[in-house]
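Summary of structural features
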Amino acid sequence: MKKLLLYLTILALPVISAGCKSKDTSDLKSIMTTEANGAMSPTTTAAEGANGAMSPTTIAPTSDSKESSSLAETKSDKTTTTEKKSSSKSSVTENSQSYSKDKSKISYPKLSGIDSKIESSVNNTIADNAKLALDSFASSAGSTVELKYNVKNQSRNRMSIVYTGTLKSVNESKKIIFTNNINLDTGESIGLTDFADPLTIANYILSDDVELENATNAQAAGFAEYKKTLSVDTLKALLDDADFPLIKKNDVNEGFPKLFSYESGGDIFIAVPLSHELGDYVLVKYSPSTK
């Protein structure tokens, strides 16, 4: 996969046809790279605090079932530093970095306090993915993007970083989301397939038991209708391709992933795109402990 293709395809991310009811996945590649009205658009979300200032953060490790708290904020002229303190000897410190392109900007964390042998690899992975995403989102003339991050989960060996913000173009403003899950033992990005079973989650999403996080009644109703157009095979393929790294074994999607996931408080969240009229996305909440 050529880097240039990655950069140029993000703003024209494929959408899944709302009329796609067949379970035949022989043309899955075209489904994932062909835009259709009212169907799956590039992953977008109502950003949590997207209008707030981008905040660098210092955090301490949390268990998979609890998120860290206790924030102490200090501000400078160009950056904001948020600190979380812990008595844990393995606390990880996070400082905000930023990358700008024209009028667009993204903040991302730089970590310290992890294994010195992989610290550089972890930080390079985080920075490279953040820069790639901004370059891709901001590749269209006249568009501006502003993204900030939030560390949603950190365990001893995994971290989930959620980026939310707004993409403004000439005609509209969309809320966007992407995530980066990091293996803190190897310094590599990991996808949904590394911590969950895509087939299990695909069946869960299509079931009547699916739980949506903070969805409006209109979004829930729209999502219920929309998922009737999806087959298990198509949804599983999208979940297989979710998240960084962009290049995966047997990859059928030659562009940016359509779905992104993250862990938080012991649960798994998957951002599933919807039409702009329905708020750009819904967050599906999957709780392994109750399944």
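Everything that follows concerns the structure shown earlier in this document.
An account of the accompanying structure is given in this report. (Residues numbered from 1 in each chain as written. Predicted model: local features only at pLDDT ≥ 70, side-chain atom pairs only at ≥ 80, totals over all residues. Heavy atoms only, no water.)

A look at the overall build of the protein
Formally: Here a helix means four or more residues in a row that DSSP labels H or I, a strand means two or more in a row labelled E, and each is numbered from the N terminus. Per-residue accessibility, obtained with a 1.4 Å probe over protein chains only, is compared with the maximum for each type, and a residue is labelled buried under 20%, exposed over 50%, and partly exposed between these values. The method behind every accessible area is Shrake-Rupley, applied with a 1.4 Å probe, and residues are considered shielded solely by the protein chains displayed.
Counting secondary structure elements, the protein contains 6 helices and 13 strands. Here the protein holds 291 residues, and the buried ones make up 50% of them. Accessible surface, the protein as shown: approximately 13,900 Å² in total, 46% of it carbon and sulfur.

Considerations on the nonpolar core
Convention followed: Only buried residues count toward a nonpolar core, which is a set of Ala, Val, Leu, Ile, Met, Phe, Trp, Tyr and Cys residues joined through side-chain atoms within 4.5 Å. Residue contacts are counted whenever heavy atoms from the two residues lie within 4.5 Å of one another.
In terms of nonpolar packing, the biggest core is built from 31 residues, with Y163 and F178 touching the most fellow members. Looking at this core, the elements that each hand over two or more residues are β5 (104-112), α3 (119-137), β6 (144-154), β7 (158-168) and β8 (173-183). Among the elements that take part in this core, α3 stands out by supplying 8 residues, more than any other. Beyond its immediate stretch of four places on either side in the chain, F178 contacts I106, N129, A130, A133, F137, L147, I161, V162, Y163, F244, F256 and F260. Within the second largest apolar cluster, 25 residues are counted, among which are I190, I201, V232 and V272.

Re the sheet that holds strand β11 (residues 260-264)
What counts here: Pairing between two strands is assigned when DSSP locates at least 2 bridges connecting them. In this analysis an axis means a line fitted to C-alpha atoms, helices contributing only their contacting stretch, and an angle means the value between N-to-C directions, from 0 to 180 degrees.
With antiparallel pairing, 4 strands are arranged side by side in an open sheet as β10-β13-β12-β11. Taken across any chain shown, the strands that pair with only one partner, and hence form the sheet edges, are β10 (211-213) and β11. Each adjacent strand pair in this sheet contributes to an overall mean axis angle of 35 degrees, direction not counted. Each of β10, β12 (267-273) and β13 (281-286) touches helix α4 (residues 198-206); the most contacted strand, β13, lies at about 115 degrees to it.

Some thoughts on α4
Under the convention used in this document: Working definition: the arc comes from the directions between the helix axis and the C-beta atoms, pointing outward to the latter.
Residues P198, I201, A202, Y204 and I205 constitute the buried set of α4. Buried residues in α4, looked at end-on, bunch into an arc of 165 degrees, giving them a common side.

Here we look at the pairing of β5
Pairing analysis gives 9 bridges linking strand β4 (residues 93-101) to β5, with the strands arranged antiparallel. When the sheet's bridge partners are listed, T93 is paired in β5 with S112. As judged from the 2 bridges shared by β5 and β6, these two strands associate in the parallel manner. Residue pairing for β6: K105 is matched across the bridge by E146.

A look at the pattern of salt bridges
Formally: Salt bridge, as applied in this entry: a Lys or Arg side-chain nitrogen positioned within 4 Å of an Asp or Glu carboxyl oxygen.
In this structure the tally under the stated criterion is 4 salt bridges. A salt bridge links D240 to K236; the nearest nitrogen and oxygen atoms lie 2.8 Å apart. Separated by 4 residues within a single helix, D240 and K236 lie in helix α6 (residues 232-240), roughly one turn from each other. Looking at D240, the relative accessible area reads 30%, which means it is partly exposed. D267 serves as the salt-bridge partner of K285, at 3.7 Å between the closest nitrogen and oxygen. Of this pair, K285 sits in strand β13 while D267 sits in strand β12; the two residues are 18 residues apart in sequence, bridging distant segments of the chain.

Overview of the sheet that holds β5
Spatially, 6 strands are ordered β4-β5-β6-β7-β8-β9 in an open sheet, and the strand pairing comes out mixed. Looking along the sheet, the strands with just one partner apiece sit at the ends: β4 and β9 (189-190). Looking at chain direction, β6 and β7 are connected through 10 bridges and run antiparallel. If you follow L147 over to β7, its bridge partner there is G165.

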